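So you can see what is in the structure, the chains are spelled out below.
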Amino acid sequence: MSEFKIGQREVENVNILELKGYLDAHTAPKLEEAFQNLLKSQRFRIVVNCRDLSYISSAGLGVFMAFIEDVRNGKGDIKLTNMSPKVYNVFDLLGFPLLYEIFKDEQEAVTRFFDRAK
Amino acid sequence: MARPRSSPPSSAPVPAEAESAESRFENAALFEFSTVINSSLELPFILSHILLTIMGKILSTRGMVAMAHANGKFTVEMVKGFPQTLRGKSVKIGTVTRTAFEIAALDPRRHAWVKFFREEGVTLVLPLVIAEKTIGVLGFGGRIAKRKLTAREVTYLRSLANISATAIEKAHTINELQRVNRQLDQKIQDLNTLFETGKEFSALLDPERQIRLLELSLLGRFLPTRYLISLRDGPDMKIVASKISGQMPQGELLATLARISAPVRVADIVVTGTVDVREALIGLGMTVVVPIRLQGESRGQILLGEKMSREEFSQTDLEFLSSIGNLAIISLENARLFKEAIEKQKLEDELLIAREIQKGLLPSVLPEIPGFRMSAANISSRQVGGDYYDVLVLPDGRFIIAIGDVSGKGPPAALLMANLQATIRALVPLDLGLSGLTGRVNDLMCENTGGNKFVTFFWGTIDPRTKTLTYVNAGHNYPYLLHDDGSFARLDRGGMILGVMKTAAPYEEAAVLCRGGDTLVLFTDGVSEAMSTRQEEYGEERLEGVLRDAMSGTAQEILDAIHRDVLVHTQGAPQSDDITMMVLKIL
């Protein structure tokens, strides 16, 4: 069975989700739950670090789509970082760079929240 | 290679060292040009650089490039100095020489396309040829120097054109390769998605999770601005997931949508019925409709709005949508059937328990009535039923026998039967007489049924000392009092069936005297109305025949004879109703 884990941290008041393993139809509910919890506690500044994400499927991508509006309505954003070329290819293939800011590095994404604030 | 007539050799001789200096300069320029346009795969950049370089070289203020298509037409893709309206225009060009030529020197009667260039103000055309194939043409106009090109200039332009053609072709090929590669990646991604969601769909048995998975997969795959998923729920379509602006579509629209049998772009829908589906869908912001079908039947739809990327939905997209929709519906259907099977099993288990409880309500051991021999049986059909029989011993030495049949079948009938028994047992100790008791039982049953169920009921008090049976028949099948000479009496006195309306007139009470050798037979309509496979009722006439044949036997033998004969009649047909009998033989 595919393995998927989510680590959570906070950096400068930005919530970092670290994805690890396979984000697919089977594991997508875990990410849904993580987003739901963040939204419930009104935490809208989210950086998803994909360093250890080895695979993402359409259902996994769908989770980002399902929450982005609520997050942005809360004056926040979901930013993506540290993707492997393979994972980036999937994001790119389905047109995600149009809608999401994707960074090479987590700190860049975190800083970006404060660029905007200024 | 043919020399173009339009560019005769330059008449002025050029000094040798000047010529070699110019030649060095030209070589360096060509080299730099080649380096620049080969450094990029961006066609607009390459075309732009080609045009600007040549315009600079021949001192022209206008340039354009038209690229060849498979149908022999050339379409203008970039203009500089020419009006922007020229972009996108097409012209069919026959064979052209591979060198530069002036439009003025060509005869429009021989080459129709010459007219096009003349009208647009193109004076010089430079074909882009690679491997004998013209892949495009460069056109220039508004040259400041009106003189003709020198042979040297033409040669130089040809070099530029050759380098340009190679660079364009290379960019084209690589772009095409990347496009195909991407398409392949997309296909792989789609197949992966179908494989993986299919697997997950069937692993999930919760319809809500299955629908959510379908929703997420669509969201991730298409990034739709709007969407709506509806599924059949009984006769209607029900919206199970959506993101739309404005009002949710209503029944009639959903019903009309259900008639769309193949994936279609909203723009291509042909409106036939009274409801303008296309208009309604455009109003909802939807771009494609994909039916979800199972065994040729419409079971739902996926509606998607424009993609956020603004890309059009391709045929591949529609096929993917169709596949994932069908995968989802198969799994949803399986989950539904599975749930149904479990619920049915649960219900059957519960009915089995109910039947056991009901059996427990019937007397397990019949009391001995002095001077009488009694046998009774209740053979239930598959369902719990509403048949009832009972024997009660009264403190004064008399006995009560009772038989009843609650209308209908299943748990409601069984409940009412239990209720009837409890009522009787509670009321019997009251000294009201059989008629008065029947009236009270009827009143209570009326309150309990609300008038939509009824009970046929017969009961009587047996006094063993006098062998008298005092009875009330409330609409029940008339019992038989069979004499040993084969004649019989029917016990038909009493009143209305129980549970329909409150007792207005008292129930009639009647008494019969039983003699030695008589047989008392009580039964429910499970006996008299037992159905054969040919839908024929068993009937009382046949019952009477069996009774006469068997009357010399014991109570149990008579009862068995009736049961056997009923089975012979119904042979093979499932038992539709409870069969209940009481047989009392008077000694």
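Everything quoted here is computed from the prediction, not taken from an experiment.

*Asks:* Any details on the overall build of chain B? Residues and values, ideally.
*Replies:* Broken down by element type, chain B carries 13 helices and 22 strands. Each of the 587 residues in chain B was classed as buried or not, and the buried ones make up 47%. Long-range contacts, defined as pairs at least 24 residues apart, comprise 64% of the intrachain contacts of chain B with a sequence gap of at least 6. For chain B, the exposed area adds up to about 29300 Å²; of that, 55% sits on carbon and sulfur atoms.

*Asks:* Residue-level account of the pairing of strand β16 (residues 468–474) of chain B, with values.
*Replies:* Residues and elements named next belong to chain B. Burial runs high along β16: five of the seven residues are buried. Across six bridges, the pairing between strand β15 (residues 455–463) and β16 is antiparallel. Residue I462 lies in a different strand from β16, and its bridge partner there is L469. The turn linking β15 back onto β16 is made up of four residues, and K467 within it adopts a positive phi angle of 55°. Here four bridges tie β16 to strand β20 (residues 510–513), and the two strands are oriented antiparallel to one another. Considered in β20, the bridge of Y471 is made with A510.

*Asks:* Describe in detail unusual backbone geometry, supporting the description with residues and values.
*Replies:* All names here are of chain B. If you check the backbone angles, A131 has positive phi at about 50° while not being a glycine. Relative to the elements of secondary structure, A131 occurs in the loop between β5 (124–130) and β6 (133–143). Phi is positive for R310, which is not a glycine, with a value near 65°. Within the secondary structure layout, R310 lies in the loop between β11 (297–305) and α8 (315–361). For R310, a relative accessible area of 62% translates into the label exposed.

*Asks:* Residues and numbers for the confidence of the model for chain B, please.
*Replies:* Residue and element names in this part refer to chain B. On average, residues of chain B score 88 in pLDDT, and 96% of them are at 70 or above. Scored below 50 in pLDDT, residues 1–9 makes 14 contacts in the model with residues more than four places away or belonging to other chains. Across the assembled chains, the prediction reports ipTM 0.88 with pTM 0.61.

*Asks:* Account for the packing of helix α1 (residues 28–40) of chain A against helix α5 (residues 207–222) of chain B, naming residues and giving values.
*Replies:* Two numbers describe how α1 of chain A lies on α5 of chain B: the axes approach to 11 Å, and their chain directions differ by 85°. In terms of orientation, α1 of chain A and α5 of chain B fall into the roughly perpendicular class. Side by side, α1 of chain A and α5 of chain B meet where A28, P29 and E32 of chain A of the first sit next to R209, R212 and L216 of chain B of the second. When the residues that make up the contact of α1 of chain A with α5 of chain B are grouped by side-chain class, the tally is three nonpolar, no polar and three charged.

*Asks:* Mind laying out the pairing of strand β14 (residues 399–406) of chain B, listing which residues take part and the relevant values?
*Replies:* Residue and element names in this part refer to chain B. Within β14, eight of the eight residues are buried, which leaves the element mostly enclosed by the surrounding structure. The alternating pattern of β14 places F399, I401, I403 and D405 and I400, A402, G404 and V406 on opposite faces, both of which are buried. In this structure, strand β13 (residues 387–393) lies alongside β14, joined through seven bridges in antiparallel fashion. Counterpart to L392 in the pairing with β14 is I400. Remark: five residues form the turn of the hairpin made by β13 and β14, two consecutive strands paired antiparallel; G397 in that turn has positive phi of roughly 95°. As defined by bridge partners, β14 adjoins β15 across eight bridges and the pair is classed as antiparallel. Of the residues in β15, the one forming a bridge with V406 is V455.

*Asks:* An account of the interface of chain B and chain A is requested, with residue identities and associated values reported.
*Replies:* On the side of chain A, 27 residues touch chain B, which itself brings 21 residues to the contact. Together chain B and chain A conceal approximately 2100 Å² of surface at their shared face, both sides included; 57% is due to carbon and sulfur atoms. Applying the counting criterion to the chain B and chain A interface returns four salt bridges. Residues R182 of chain B and D92 of chain A are paired through a salt bridge, measuring 3.0 Å at the closest nitrogen-oxygen approach. For the pair chain B and chain A, the number of links is ten residue pairs in polar contact (both at pLDDT 80 or more). Secondary-structure elements contributing two or more residues to the side of chain B that touches chain A are α4 (151–203) and α5 of chain B. If one sorts the elements of the side of chain B that touches chain A by residue count, α4 of chain B sits on top with nine residues.

*Asks:* Break down the sheet that holds strand β1 (residues 60–68) of chain B for me, citing the residues and quoting the values.
*Replies:* Residue and element names in this part refer to chain B. With antiparallel pairing, six strands are arranged side by side in an open sheet as β3-β2-β1-β6-β5-β4. Both edges of this open sheet fall to β3 (90–92) and β4 (101–102), since each of them pairs with a single strand only. As paired elements, β4 and β5 share two bridges and run antiparallel to each other. Across the sheet, the residue bridging to E102 is L124, located in β5. In the packing of helix α3 (residues 112–120) onto the sheet, the strands contacted are β1, β3, β4, β5 and β6, and the crossing angle to β3 comes to about 150°.

*Asks:* Could you give me a rundown of the packing of aromatic side chains, with the residues and numbers involved?
*Replies:* Within this structure, the stated rule accounts for 15 aromatic pairs over all chains. A centroid spacing of 6.0 Å and a plane angle of 85° characterise the contact between W113 of chain B and F117 of chain B, whose relative ring orientation is edge-to-face. Of this pair, W113 of chain B and F117 of chain B are both found in helix α3, four residues apart, which corresponds to roughly one turn of the helix. Each member of the pair, W113 of chain B as well as F117 of chain B, carries the same accessibility label: buried. Between F116 of chain B and F117 of chain B, the aromatic rings sit 5.4 Å apart at their centres with planes inclined by 75°, giving edge-to-face as the arrangement. A relative accessible area of 1% means that F117 of chain B is categorised as buried. Members of the aromatic cluster, connected to one another through ring pairs, are F35, F64, F67, F91, F96 and Y100 of chain A. Just above the ring of Y156 of chain B sits the side chain of K57 of chain B; from NZ or CZ to the centre is 4.5 Å.

*Asks:* Any chance you could break down the nonpolar core for me, citing the residues and the numbers?
*Replies:* With 63 residues, the main nonpolar core has F35, V48, F64 and I78 of chain A together with L321 of chain B as its most contacted residues. The dominant element in this core, judged by the number of residues it contributes, is helix α2 (residues 58–73) of chain A, at eight residues. Filtering out sequence-adjacent residues up to four positions away, V48 of chain A remains in contact with L17, L19, F35, F64, I78, K79, L80 and T81 of chain A. In this structure, Y388, L481, M582 and L584 of chain B belong to the second largest nonpolar core, which totals 47 residues.

The rules we used
- Residues numbered from 1 in each chain as written.
- Chains lettered and ligands numbered in written order.
- Predicted model: local features only at pLDDT ≥ 70, side-chain atom pairs only at ≥ 80, totals over all residues.
- Heavy atoms only, no water.
- Helix = DSSP H or I, 4+ residues; strand = E, 2+ residues; numbered from the N terminus.
- Buried < 20%, exposed > 50% of the residue type's maximum accessible area, 1.4 Å probe, protein only.
- Contact = heavy atoms within 4.5 Å.
- Areas by Shrake-Rupley, 256 points an atom, 1.4 Å probe, with all protein chains shown as cover.
- Pairing = 2+ DSSP bridges.
- pLDDT = per-residue confidence, 0-100.
- Axes fitted to C-alpha atoms, helices over the stretch in contact; angles between N-to-C directions.
- Parallel < 35°, antiparallel > 145°, perpendicular 65-115°, else oblique.
- Nonpolar A, V, L, I, M, F, W, Y, C, P; charged D, E, K, R; others polar.
- Buried area = accessible area lost by both parts, 1.4 Å probe.
- Salt bridge = Lys/Arg side-chain N within 4 Å of Asp/Glu carboxyl O.
- Polar contact = N/O pair within 3.5 Å; in protein donor to acceptor, adjacent residues only side chain to side chain.
- Phe/Tyr/Trp six-rings, centres within 6.5 Å; stacked < 30°, edge-to-face > 60°.
- Lys NZ or Arg CZ within 6 Å of the ring centre and 35° of its normal.
- Core = buried A, V, L, I, M, F, W, Y, C linked by side-chain atoms within 4.5 Å.

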